[in-house]
Each structure stands twice: as C-alpha cells, then as structure tokens.
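An overview of the molecular structure
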Amino acid sequence: MLMQAVVAREPATAIPQPPAAFLGAYHLHEGSLGREEATMISGGCLCGAVRYSTNDEPILTRLCWCRLCQYLTTGNAAVSVCFPSKGMTITGETRDFQGIADSGNRMHRRFCPTCGTQLFSEGEARPHLIFVRAGTLDDPNIARPSATIWTSQAPAWACVDASLPSWEGQPPPPTLPN
Ligand SMILES: [Zn+2]
Ligand SMILES: [Zn+2]
C-alpha cells in the first residue's frame, strides 16, 4: 500500500530533460558527408536557464573532498570534469562565487542565480581549463573519475573509491592534450 501511495504521488517539480537535440549527442556519428563529425558534449542547470556545450573531449574527471566542495555539493565530493576552456560555449546568466585557494590561485565557482545549480569552476592561474560539475552534464556517464583529491578533509563516513589513486591534498594541475 505504501509503495502504491508513493508511486501515485506526483513529483513536486518535474525533473528536467535535456532538449531533444541534445539527446544522444555524445558519440561519434556519420556526418552528412560520410565522415565522422566531432563529438559534442552538452549540459546545463536544473531550471534550464544556463546551457553549455563543447566539441572537446574531457581531459580528466576528479572527485574532490575539500571542505569547500562539501558545501557546494550538499556534503559529498564534487565531481568535476575538466575541459579546455577555449572550446566551451556557455549561454545564460551565471553568478560567480570567488575564493582564494591554498595555492593563492583565485577561483571562480559559477552557478545559476535562478535555481542555484553549481556549474563551473575556474582558476585564474589556469585560464585554459574549465571544470564542469558532472551532475549538470546531459549525460553524466561522460564523467569517468580518475582520482580522488583532498581526502584529508573528507568526513569519516565518506566513501572513497579504493580502486582510484587518491591525494590527501591538491595534485598537480591537469595538462592539455596535444
Ligand atoms: Zn538554473
Ligand atoms: Zn574541492
């Protein structure tokens, strides 16, 4: 009975679906000229006011347990996917929460002012890189975490994947592929 009641209840807010044009966009496919077209990766915030896309492949994905990320993510590690910033197209208004990292690097963490979704993290010392919050990807499976960082700040109950390399603090920055 309880299960039925739960199933019958309408959700308070509809879970947004990516526009049809974005569905399944992340794969190589035959173009109209018969050659492979570039991949496109896209995403956006919960309310849809902010959208982004890139033709670049992700450089890497990291899970970050730093104390700041715990605030941004409601308590868990932030899952951030790094892309070259040059190829990233962003539409819609974002607001910027700035802070100085331990390294002295000024960080910009951008979010949607309407729905509050955290979208991007950028450091002024590395303007060629942009980190996208994995939950905002139209296809979150694109994020394939390769490391866990700032484990020294994780709470005792944190689930840290033992199969991934982990760092107690900040590892060296990712490098751009040639
Ligand atoms: Zn929004
Ligand atoms: Zn962090």
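Residues numbered from 1 in each chain as written. Chains lettered and ligands numbered in written order. Predicted model: local features only at pLDDT ≥ 70, side-chain atom pairs only at ≥ 80, totals over all residues.

1. Overview of the overall build of the protein
Within the protein, the regular secondary structure consists of two helices and 10 strands. Secondary structure of the protein in N-to-C order comes out as α-β-β-β-α-β-β-β-β-β-β-β. Scored against the burial criterion, the 178 residues of the protein give a buried share of 24%. When contacts within the protein are restricted to residue pairs at least 6 apart in sequence, those whose partners lie at least 24 apart make up 52%. (Helix = DSSP H or I, 4+ residues; strand = E, 2+ residues; numbered from the N terminus. Buried ≥ 20, exposed ≤ 12 C-beta atoms within 10 Å, placed from the backbone. Contact = placed C-beta atoms within 7 Å.)

2. Some points on the sheet that holds strand β5 (residues 89-91)
The strand order across the open sheet built from three strands is β1-β2-β5, with neighbouring strands paired in antiparallel fashion. Each edge of the sheet is formed by a strand with only one pairing partner; in this case those strands are β1 (41-44) and β5. The sheet shows a mean angle of 15° between the axes of neighbouring strands, taken without regard to direction. The sheet contact formed by strand β2 (residues 51-54) and β5 spans three bridges and is antiparallel. (Pairing = 2+ DSSP bridges. Axes fitted to C-alpha atoms, helices over the stretch in contact; angles between N-to-C directions.)

3. A word on the sheet that holds strand β7 (residues 106-111)
A sheet is described by the order of its strands in space; here seven strands give the open sequence β6-β7-β8-β9-β4-β3-β10, paired in mixed fashion. The sheet is open, and its two borders are formed by β6 (95-100) and β10 (147-149), each paired with just one other strand. On average, adjacent strands in this sheet sit at an angle of 30° to one another, irrespective of strand direction. Relative to β10, strand β3 (residues 60-64) runs parallel, the two sharing three bridges.

4. Here's the deal with the pairing of β1
On β1, burial covers both faces: Ile41 and Gly43 on one face and Ser42 and Gly44 on the other are all buried. Hairpin remark: β1 followed by β2, antiparallel, with six residues in the connecting loop; positive phi at Gly48, about 90°.

5. Thoughts on the nonpolar core
Judged by nonpolar contacts, the single largest core of 26 residues is most densely connected at Cys64, Trp65, Ala77 and Val132. Listed by contribution, the elements that provide at least two residues to this core are β3, β4 (78-84), β8 (118-123) and β9 (129-133). Apart from residues lying up to four places away in sequence, Ala77 is in contact with Leu63, Cys64, Trp65, Cys69 and Thr148. (Core = buried A, V, L, I, M, F, W, Y, C linked by C-beta atoms within 7 Å.)

6. Some remarks on the pairing of β3
Bridge analysis of β3 against β4 gives five bridges, and the strand direction is antiparallel. When the sheet's bridge partners are listed, Arg62 is paired in β4 with Ser80.

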